[in-house]
Amino acid sequence: MADRPLISEKIRDALAKRLNRGVSTIELHQRLREDLGLDSLAMIELLFDVEEAFDLEIPDGDFHKLGTVGSVIQYVEEKAKPSPLS
Amino acid sequence: MNRRVVVTGLGVVSPIGIGIGRFSKAALEGKSGITALREFDGMPLEAYRSRVAGQILDFEPRLYMEADQAERLDRAAQFALVAAREAVADSGLSLHKEAPHRVGVIVGAGMGAMVLGEREFIKLYEGRKPQRVHPSFIPTITLNSISGILAIAHGAKGPNLTISTACSSSAHAIGQALTRIRTGQADVIITVGAEASITPLAFAGFCSLRALSTSFNDTPARASRPFDQARDGFVMGEGAGALILESLVHARRRGARIYAEVAGYAGTSEAYHMVIPQEDGCEEAVTVELAMHDAHVTSDQVDYISAHGTSTTIGDVVEIRAIRRVFKADAERLLINATKSMIGHTLGAAGAISAIASVLTIESGLLHPTVNYDDPDPACHLPGISAGVQERQVSVALVNAFGFGSNNATVVLKKYK
């Protein structure tokens, strides 16, 4: 299992950067589309970064599972390969 | 007074046939030109999410041109040359007898010379030898190389333009050719759309955009399914379509066969988003309305729409929304088909090839099927979409083409009377 706090931090950082706002304003319950204003291309770009950062592949069929910040983190925690440090 | 403009020649290179005869027959048979992605310069194919495409597997350049010319032309330019040559021959024009500055070339091209371009990029970055970049790289990769090559091939010294607006490129090419002839700047314009971008880099880019179909990698012929419930993205295609546009006066003076009239056109920007159409369909609707206005036709006169219909989840819904918005109750009696169901999305060539299909429909009274329309999606259903051939005498047809970059175009074709 990858390092949980690290995953959460990385994803919230990535979102904060993409949205140009402080990481403390990114909360787990926020919906990517409705609350954070990501359109479908921005979603695809975010998930592209997530795939690269955690070396995993997110099939189109899984998009519906990724509605909120928390759900993206949870998804990555479940799929990410074990970190060499853990 | 605007001059009327007509279509007097057609030519095509497509995944369902090279040449109008083969294309027309295959289209009416509902043949699919979508096949499994072939070898891709040693790339691991399994790493591509989508592995199907509308590839032209039987195109052998040396059947059409000298080996040294084939060597110097990108695949897109080769397609364009072959399609344009057919269209010119079909028109019966003897271009050497025409005043050369009255004959123009307008090309729509989406991506440019990707085949040669990628080859040279790889050579440069792998070999670290800038001095080995091929001398023909620059004159080939400039987007207007195709319109230049066609001008040289046909001695066409009039207006010479390349229009690049992604998937709407060649619909604009037709529209711009219409405008040039209408306003008296040319008598004849060789109007072409051409694309050959099924290349490792461009294809990967469309995969990363998650724009392509991924659920039918084992059943390629089923992958492109506009308006069907199971659609999951577009399928890349390649090819070229050529139309000879000519002023009516010029065509009649030489006793040309007239396929149809190009009666109007509109081009707009949604000024909205680089890849997503405005969801309510308002902007696509405006484009259609402006084109009808330009052609002096009203919505009750339109019989048939050759839809942009790419088979993406959102694009098809927005297009039908736009059609409903414009035609209201009349939308129910329109006939609609999507050429992309058979050949995939040929990007810059799509508008021209759809226009060719529409011209053939105006001539024959037969609409080709929208293949794989098995399970209508209620979100984009209209009764005039069918998986079978439909018959109707078409007086007015619309051709829609919408492109990345928030770009829309509609062309209006009429039966010549």
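Note: the structure precedes this text.
Figured I'd write up the structure that's included with this text. (Residues numbered from 1 in each chain as written. Chains lettered and ligands numbered in written order. Predicted model: local features only at pLDDT ≥ 70, side-chain atom pairs only at ≥ 80, totals over all residues. Heavy atoms only, no water.)

### Topic: the nonpolar core
In step 1: Within the largest apolar cluster, 47 residues are counted, with the highest numbers of intra-cluster contacts made by L10(B), L243(B), L245(B) and V262(B).
In step 2: In terms of residue count, helix α13 (residues 350-364) of chain B provides more of this core than any other element does, eight residues in total. (Core = buried A, V, L, I, M, F, W, Y, C linked by side-chain atoms within 4.5 Å. Buried < 20%, exposed > 50% of the residue type's maximum accessible area, 1.4 Å probe, protein only. Helix = DSSP H or I, 4+ residues; strand = E, 2+ residues; numbered from the N terminus.)

### Remarks on the packing of helix α7 (residues 169-182) of chain B against α13(B)
Residues and elements named next belong to chain B.
In step 1: Direction vectors running N to C along α7 and α13 enclose 65°, while the axes themselves pass 5 Å from each other. Overall, the two elements α7 and α13 adopt an arrangement that is roughly perpendicular. Here α7 contributes S170, A171 and I174 to the contact with α13, which in turn contributes A350, G351, A352 and A355.
In step 2: Residue composition of the contact of α7 with α13, by class: five nonpolar, two polar and no charged. (Axes fitted to C-alpha atoms, helices over the stretch in contact; angles between N-to-C directions. Parallel < 35°, antiparallel > 145°, perpendicular 65-115°, else oblique. Contact = heavy atoms within 4.5 Å. Nonpolar A, V, L, I, M, F, W, Y, C, P; charged D, E, K, R; others polar.)

### Thoughts on the side chain of T312(B)
Residue and element names in this part refer to chain B.
In step 1: With respect to the helices and strands, T312 occurs in the loop between β10 (304-306) and α11 (313-327).
In step 2: Among the polar contacts listed, one links the side chain of T312 to the side chain of T310, at a separation of 3.3 Å.
In step 3: Residues contacting T312, with those up to four places away along its chain left out, are A211, R231, G233 and F234. (Polar contact = N/O pair within 3.5 Å; in protein donor to acceptor, adjacent residues only side chain to side chain.)

### Details of the interface of chain A and chain B
In step 1: Counting from both sides, the interface comprises 11 residues of chain A and, opposite them, eight residues of chain B.
In step 2: Here chain A and chain B share an interface that buries about 790 Å² over both sides, 51% of which is from carbon and sulfur atoms.
In step 3: Three residues stand out in chain A for area buried against chain B, namely L41(A), I44(A) and D60(A), and they jointly supply 56% of the buried area on that side.
In step 4: Between E51(A) and R210(B) there is a salt bridge, with the nearest N and O atoms lying 2.9 Å from each other. (Buried area = accessible area lost by both parts, 1.4 Å probe. Salt bridge = Lys/Arg side-chain N within 4 Å of Asp/Glu carboxyl O.)

### Brief notes about the pairing of strand β7 (residues 188-195) of chain B
A regular strand places its side chains so that they alternate between the two faces of the sheet.
Residue and element names in this part refer to chain B.
In step 1: Counting buried positions along β7 gives eight out of eight residues, so the element sits mostly inside the fold.
In step 2: As paired elements, strand β5 (residues 103-109) and β7 share seven bridges and run parallel to each other. Bridging from a neighbouring strand, V107 pairs with V192 of β7.
In step 3: In the sheet, β7 pairs with strand β8 (residues 239-247) via eight bridges, with the strands oriented antiparallel. Residue pairing in the sheet places V188 in a bridge with E246 of β8. (Pairing = 2+ DSSP bridges.)

### With respect to the environment of F327(B)
Residue and element names in this part refer to chain B.
In step 1: In this fold, F327 is placed in helix α11.
In step 2: Note on F327: relative accessible area 2%, which makes it buried.
In step 3: Considering only alpha carbons, one finds F327 and P15, 312 residues apart in sequence, at a separation of 33 Å.
In step 4: F327 has contacts with V288, M292, S299, V302, I305, L334 and L398, leaving out every residue within four places of it along the chain.

### With respect to the pattern of salt bridges
In step 1: Tallied over the full model, the rule gives 24 salt bridges over all chains.
In step 2: Linking E120(B) and R119(B) is a salt bridge whose minimum nitrogen-to-oxygen distance equals 3.9 Å.
In step 3: Overall, E120(B) belongs to the buried group, its relative accessible area being 2%.
In step 4: As a salt-bridge pair, D330(B) and R333(B) come within 3.3 Å of each other at their nearest N and O atoms.
In step 5: Through salt bridges with shared partners, one network takes in E51(A), D60(A), R49(B) and R210(B).

### Here's the deal with the pairing of β8(B)
Residue and element names in this part refer to chain B.
In step 1: By the criterion of burial, β8 is predominantly enclosed, with nine of the nine residues buried.
In step 2: Burial of the side chains of β8 extends over both faces: G239, G241, L243, L245 and S247 are buried on one face and A240, A242, I244 and E246 on the other.
In step 3: As paired elements, strand β1 (residues 5-14) and β8 share eight bridges and run antiparallel to each other. Bridge assignment links V7 to a residue of β8, and that residue is L245.

### With respect to the packing of aromatic side chains
Residues and elements named next belong to chain B.
In step 1: Following the criterion strictly, the structure yields eight aromatic pairs over all chains and no others.
In step 2: Between F59 and Y64, the ring centres sit 5.4 Å apart and the planes meet at 10°, which makes this aromatic pair stacked.
In step 3: Of the aromatic side chains, those joined through ring pairs into one cluster are F40, Y48 and F203. (Phe/Tyr/Trp six-rings, centres within 6.5 Å; stacked < 30°, edge-to-face > 60°.)

### Focus on the environment of A89(B)
Residue and element names in this part refer to chain B.
In step 1: With respect to the helices and strands, A89 occurs in helix α3 (residues 75-91).
In step 2: On the basis of relative accessibility, which here comes to 59%, the residue A89 falls in the exposed class.
In step 3: Here the alpha-carbon distance between A89 and G11, two residues 78 residues apart in the chain, equals 8.9 Å.

### Some words on the environment of T8(B)
All names here are of chain B.
In step 1: Mapped onto the elements, T8 comes out in strand β1.
In step 2: Taking relative accessible area as the criterion, T8 reaches 0% and is therefore assigned buried.
In step 3: C-alpha of T8 to C-alpha of G233: the two residues are 225 residues apart in sequence and 35 Å apart in space.
In step 4: With residues up to four places along the chain from it excluded, the contact list for T8 reads D90, S91, I244, E246, A251, R254, A256, R257, I258 and Y259.
In step 5: A polar contact of 2.7 Å, which involves the side chain of T8, links it to the side chain of E246.

### Some thoughts on unusual backbone geometry
All names here are of chain B.
In step 1: Notably, R210 is not glycine yet its phi reads approximately 55°, a positive angle.
In step 2: With respect to the helices, strands and loops of the structure, R210 is situated in the loop between α8 (200-208) and β8.
In step 3: Residue R210 is classed as buried on the basis of its relative accessible area of 13%.
In step 4: With a phi angle near 55°, H296 is a residue other than glycine that sits in the positive phi range.
In step 5: Its location among the elements puts H296 in the loop between α10 (282-294) and β10.
In step 6: Judged by its relative accessible area of 72%, H296 is exposed.

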